[in-house]
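# Understanding the architecture of this molecule
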Amino acid sequence: MHPLRKQRLQLVILLVAAAALVIGLVVYMLRENGNFFYTPVQIVSGEAPQSTFLRAGGMVVDGSVVRSDDSLWVQFKITDGVEMLTVEHTGILPDLFAEGEAAIASGKVDENLVLQATQILAKHDEKYTPPEVADAMNAAYKAKQEDKKEQGGSYK
Amino acid sequence: MIAEYGHIALIVALCLSVAQAIVPMAGSFAGYRTWMRLGHSLALGQLVFVAISFACLTAAFVQDDFSLQYVANNSNTLLPTQFKVSAVWGAHEGSLLLWALILALWSAAVALFSGHLPLVLSSRVLSILGAISVGFGLFILLTSNPFARILPFSPTEGGDLNPLLQDFGLIVHPPMLYMGYVGFSVAFAFAVAALIGGQFDSAWARWARPWINSAWVFLTIGITLGSWWAYYELGWGGWWFWDPVENASLLPWLVGTALVHSISVTEKRGAFRSWTLLLAILAFSLSLLGTFLVRSGVLTSVHAFANDPERGIFILAFLGLVVGSSLLLFALRGPVVQRQQGDIEVVSYSGLSREMMLLLNNVLLVSAMAMILIGTLYPLIADVLDLGKISVGPPYFNFFFVPMTLGLMVAMGFAVFSRWKKTDAQMLRQKGMVPFLISLSAALILPLFLAESMSWATYSITAVITLGASFWVVTMSLEDLWQKLDRGSSAVSSRLKNLTKLPGSYWGMQVAHIGIAVCALGVGLSSVYDVQKDVRMVPGDRVVVAGYEFTFDSLNFVQGPNFGASRGQISAYKNDRLVAVLYPEKRKYEARNQVMTEAALDAGLTRDLYVSLGEPLKGDAWAIRLHVKPFVRCIWLGGLMIGLGGLLSVMDKRYRRRRKPRTLSTAQSGATAVEASAQ
């Protein structure tokens with residue numbers, strides 16, 4: 001083989017190998033660090049995996065926020081309109097966290113199906129609802145409507 | 001009436017930009033010099049009308065004209081006047097008008113300062129800038145008109161500006177960032193004009209370089225300000241969240257940094273031609289992508305305020321048009337550009353040369369950009385493909401970005417010493433020896449003193465790596481400077497006399513590189529030695545964090561112009577000496593009924609004390625976050641140094657001199673000849 005061609009071939013092989021390595025790493029890291037979003041329904045029904053890091057979102061249920069007297073431990077429930085998920089967290093809640101408003105909690109689900117959150121996100125603007133939460137609420141709302149239709153109820 | 005004048009001025013500006021897009025370009029093909037020259041006056045005219053429009057919107061804010069939907073949503077009679085002015089760009093419609101204004105500013109600057117360029121080139125550049133203005137003008141008028149009225153039932157009071165935005169940060173961060181984003185449109189226009197004309201050589205690079213560098217300076221400072229603002233205003237002490245919108249500003253910056261380096265090779269050596277063009281196109285495309293990500297609301301982010309997906313579709317279409325057409329042009333004309341070689345011989349370079357070092361720089365920067373782009377867009381792609389709703393966390397980004405930055409820093413140390421064409425490896429080894437030993441000892445010894453206690457348990461490997469890399473860059477840069485000062489006489493006094501003789505671009509490189517080291521030092525050390533405690537405190541309580549004793553003295557109520565606040569008084573002591581008294585606030589803004597944390601901090605070069613009030617608990621107790629953040633200031637100090645470096649380079653004499661229009665062949669006499677003639 002011509003020496004120049006040989007040199008080029010080596011370069012190409014090197015580039016392909018490097019690209020393959022990088023793509024492999026990217027896919028692996030995305031899988032490791034991609035946190036899936038689940039709705040309260042999916043978690044309470046057991047569809048969501050336990051003890052992997054995930055995110056859940058919904059509206060904070062009125063009157064569900066319980067604070068500890070001597071620490072920063074807090075417990076509250078979030079709902080997508082169908083199921084309620086209990087969330088526990090130790091720390092400071094964001095400014096716009098409020099009952100009846102949207103919130104996203106990230107953490108791991110324990111064996112009692114309680115989300116042990118390491119971080120709580122609330123919206124940053126009172127008009128804004130995170131798209132995930134809005135979708136979850138809509139999906140749950142639709143599912144509810146269909147259930148009612150099937151039951152033959154005349155709600156409206 | 002003022003609003004209508006503003007609206008009409010915007011429509012006139014759009015008409016002018018249509019003419020600016022068509023007439024000079026047509027003239028450049030037909031050879032009509034008057035048509036080509038028209039581009040310059042049209043650009044200035046467009047600036048006048050966009051500025052009128054912007055002034056009208058500002059007037060509407062200052063006069064509390066709540067019959068305008070946009071003003072009613074984002075202002076309030078109680079809002080302090082400086083925030084009424086900055087509220088103009090506090091939300092979608094107005095921030096686009098700011099985009100348009102800044103684009104008009106850049107276009108006018110090109111029109112005014114392109115006298116030394118061949119008319120064909122400058123007219124085409126202005127024409128392409130005009131086409132971009134048309135896109136943004138249409139976008140504003142069709143989907144996001146800030147002058148829309150609420151009639152006949154207009155509100156008597158406005159909804160107020162989002163409290164997070166009622167801050168000095170909003171006054172400076174968006175205009176700076178936009179100057180950077182939009183500034184890359186000039187780089188883009190230069191690249192497309194070069195592709196159309198098929199003339200792309202060292203002279204082109206020398207003309208485009210100050211524009212590219214200035215845009216990059218603005219973007220650097222804009223990102224730095226944004227990070228600093230997030231740090232003190234979001235209230236929880238983070239300074240970078242790998243949030244999609246932050247990433248959106250980092251992507252064009254990384255490509256811009258690659259471009260700033262690659263164009264130096266194009267200017268000095270005539271190499272990397274197509275690559276430089278591609279980077280210029282890419283930098284602007286990523287700026288547009290950033291705008292799309294921020295404005296479409298497709299991603300959940302710190303910056304995702306109420307959004308409208310239809311606007312996203314418009315920007316996506318515009319993005320597709322810009323990227324698609326420019327890449328098509330690149331594919332068609334790129335080979336022509338590559339084949340044409342000006343009078344600078346493209347000399348081959350060996351494995352160890354400045355060209356190779358800059359190539360390595362580009363490969364690393366563009367790879368880092370690609371990794372961040374993938375991580376940022378992956379949630380979108382996964383959503384479209386129905387793979388579930390995913391968010392990619394910081395570990396992904398850190399995994400790729402941190403090693404690449406370290407690699408860049410190691411290479412940076414060698415790169416300042418490397419020579420064009422071929423560098424003697426022996427020489428590099430020799431020169432690198434002292435800096436290497438200094439860095440190694442600093443890296444191994446300093447972590448012992450930085451940690452709270454001198455023990456192996458607190459000895460941090462991250463700190464070793466950070467210190468090693470930062471010291472390496474600084475010592476290598478200083479050694480190079482010391483040798484460059486030796487011009488015939490190695491005496492210290494004569495070296496110091498030569499300080500002013502080194503060119504601005506050299507100082508620019510040095511300051512920017514040392515800025516990277518300072519920034520990296522801040523990032524590394526603040527993440528290693530940062531101590532944070534969330535505690536429950538009642539007035540009178542004391543808590544010790546990282547050697548500082550914080551006492552919660554008292555809590556009072558204070559009334560601001562448009563908010564009421566609970567203000568805590570917290571004193572910090574070190575070794576029983578009072579260091580600082582901090583007043584964190586929990587504000588409640590009346591108009592929106594929105595609560596906001598206003599952190600209090602005591603800033604210092606070696607450490608920040610950072611205190612924020614969480615929420616009231618039972619009785620007198622409050623949840624309080626106490627932070628000690630060593631060296632966190634270095635992050636922004638470094639960022640500003642990087643920007644300053646770029647500025648020094650823009651001010652280099654060889655770009656400032658106005659040259660008479662020349663034919664390409666005489667202008668291509670190379671950098672050395674130009675420098676010689678300048679003296």
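Just so it is clear, the structure is predicted and the values come from calculations on it, not from any experiment.

Residue and element names in this part refer to chain B. Domain annotation of chain B identifies domain 1 (1-163), domain 2 (167-367), domain 3 (424-529) and domain 4 (531-631). For the side of domain 1 that touches domain 2, the secondary structure elements donating two or more residues are helix H4 (81-86), helix H5 (92-112) and helix H6 (119-143). Among the elements that line the side of domain 1 that touches domain 2, the one with the most residues is H6, at ten residues. Tallied by class, the residues present in the side of domain 1 that touches domain 2 amount to 16 nonpolar, nine polar and one charged.

Attention now goes to the confidence of the model for chain A. Residues and elements named next belong to chain A. Per-residue confidence for chain A averages 81 on the pLDDT scale, and 83% of its residues sit at or above 70. Per-element mean pLDDT across chain A ranges from 69 in helix H3 (residues 131-150) up to 93 in strand S5 (residues 84-90). For residues 152-156, every residue scores under 50 in pLDDT, and the model assigns this stretch two contacts once sequence neighbours within four places are set aside.

This part takes up unusual backbone geometry. When glycine is set aside, most residues are seen to have a negative phi, and most peptide bonds are trans. Residues and elements named next belong to chain B. The omega angle of the peptide bond from Leu151 to Pro152 is 0°, so this bond is cis rather than trans. Relative to the elements of secondary structure, Pro152 occurs in the loop between H6 and helix H7 (168-197). Here the phi dihedral of Trp242 falls at roughly 50°; this positive angle occurs in a residue that is not glycine. Within the element layout of this structure, Trp242 appears in the loop between helix H8 (202-233) and helix H9 (244-269). On the basis of neighbour count, Trp242 is assigned to the partly exposed category, with 18 C-beta atoms found within 10 Å. The phi dihedral of Ala546 falls on the positive side, at around 45°, and the residue is not glycine. Within the element layout of this structure, Ala546 appears in the loop between strand S3 (542-545) and strand S4 (548-559).

Before going further, it helps to examine the sheet that holds strand S10 (residues 607-616) of chain B. Residues and elements named next belong to chain B. Taken in spatial order, the four strands make up an open sheet running S2-S11-S10-S9, and their pairing is antiparallel. Unpaired on one side and paired on the other, strand S2 (531-537) and strand S9 (600-602) mark the two borders of the sheet. Put simply, the sheet's adjacent strands are angled 15° from each other on average, direction ignored.

Here we take up the nonpolar core. The biggest cluster of nonpolar side chains holds 229 residues, and the ones touching the most others in it are Ala187(B), Phe190(B) and Val255(B). If we ignore the near neighbours within four places in the chain, the residues touching Val255(B) are Leu279(B), Leu282(B), Ala283(B), Leu286(B), Val366(B) and Met369(B).

So, on to the pairing of S5(A). Residue and element names in this part refer to chain A. Here seven bridges tie strand S4 (residues 73-79) to S5, and the two strands are oriented antiparallel to one another. Considered in S5, the bridge of Thr79 is made with Met84. Hairpin geometry of S4 and S5 is characterised by an intervening segment of four residues between the two adjacent antiparallel strands and by a positive phi of about 100° at Gly81. As paired strands, S5 and strand S7 (residues 115-122) are joined by three bridges and run parallel to one another. Following the sheet pairing, His89 is matched in S7 by Ala117.

With that settled, the discussion passes to the confidence of the model for chain B. In low-pLDDT segments, the atomic positions of the prediction should not be examined closely. Residues and elements named next belong to chain B. Looking at chain B as a whole, its pLDDT mean stands at 88, while 92% of the residues score no less than 70. Segment residues 659-679 is flagged for pLDDT under 50; beyond a separation of four residues in sequence, or across chains, it makes 27 contacts in the model. As a predicted assembly, this complex carries a pTM of 0.90 together with an ipTM value of 0.80.

This part covers helix H14 (residues 425-450) of chain B. All names here are of chain B. Between its first and last C-alpha atoms H14 spans 36 Å; for 26 residues at 1.5 Å apiece the expected length is 38 Å, and the two agree. Where H14 bends most, at Met433, the angle is about 40°, and the proline Pro435 comes one to four residues later. Those residues of H14 lying buried are Pro435, Ser439 and Pro447. In this fold, the buried residues of H14 make contact with helix H13 (394-415) and helix H15 (461-484).

This part takes up the environment of Ala512(B). Residues and elements named next belong to chain B. Tracing the backbone through its elements, the reader meets Ala512 in helix H17 (residues 504-529). Here Ala512 falls in the buried class, since 26 other C-beta atoms lie within 10 Å of it. Each C-alpha atom, one on Ala512 and one on Leu647, is 9.5 Å from the other, the two residues being 135 residues apart in sequence. In this structure, Ala512 is in contact with Met641, Ile642, Gly645 and Gly646, ignoring residues within four places of it in sequence.

The rules behind each value
- Along each chain, residues carry numbers from 1 onward, in the same order as the chain's sequence is written.
- The order in which chains are written sets their letters, starting at A; the order in which ligands are written sets their numbers, starting at 1.
- Confidence filtering applies because this is a predicted model: local features only for residues at pLDDT of at least 70, side-chain atom pairs given and counted only at 80 or more, and all residues used for totals across whole chains, interfaces and linings.
- Segment limits for the domains were obtained from an automatic or database-derived domain assignment.
- Secondary structure elements follow DSSP: runs of H or I no shorter than four residues count as helices, runs of E no shorter than two count as strands, and numbering proceeds from the N terminus.
- Lys, Arg, Asp and Glu make up the charged group, whereas Ala, Val, Leu, Ile, Met, Phe, Trp, Tyr, Cys and Pro make up the nonpolar group; the residues left over, Gly among them, are polar.
- The quantity called pLDDT is the predictor's confidence in a given residue, expressed from 0 to 100.
- A pair of residues counts as a contact when their C-beta atoms, built from backbone coordinates, are separated by no more than 7 Å.
- Using C-beta atoms placed from the backbone, we call a residue buried if 20 or more other C-beta atoms fall within 10 Å of its own, exposed if 12 or fewer do, and partly exposed for counts in between.
- A pair of strands is treated as paired once DSSP finds two or more bridges between them.
- For helices, the fitted line uses only the C-alpha atoms of the stretch in contact; every axis is such a line through C-alpha atoms, and the angle between N-to-C directions lies from 0 to 180 degrees.
- Only buried residues count toward a nonpolar core: Ala, Val, Leu, Ile, Met, Phe, Trp, Tyr and Cys, linked into one set through C-beta atoms within 7 Å.
- One fewer than the residue count of a helix, multiplied by 1.5 Å, yields its expected span.
- The angle between axes fitted to the seven-residue stretch ending at a residue and the seven-residue stretch beginning at it gives the bend at that residue.

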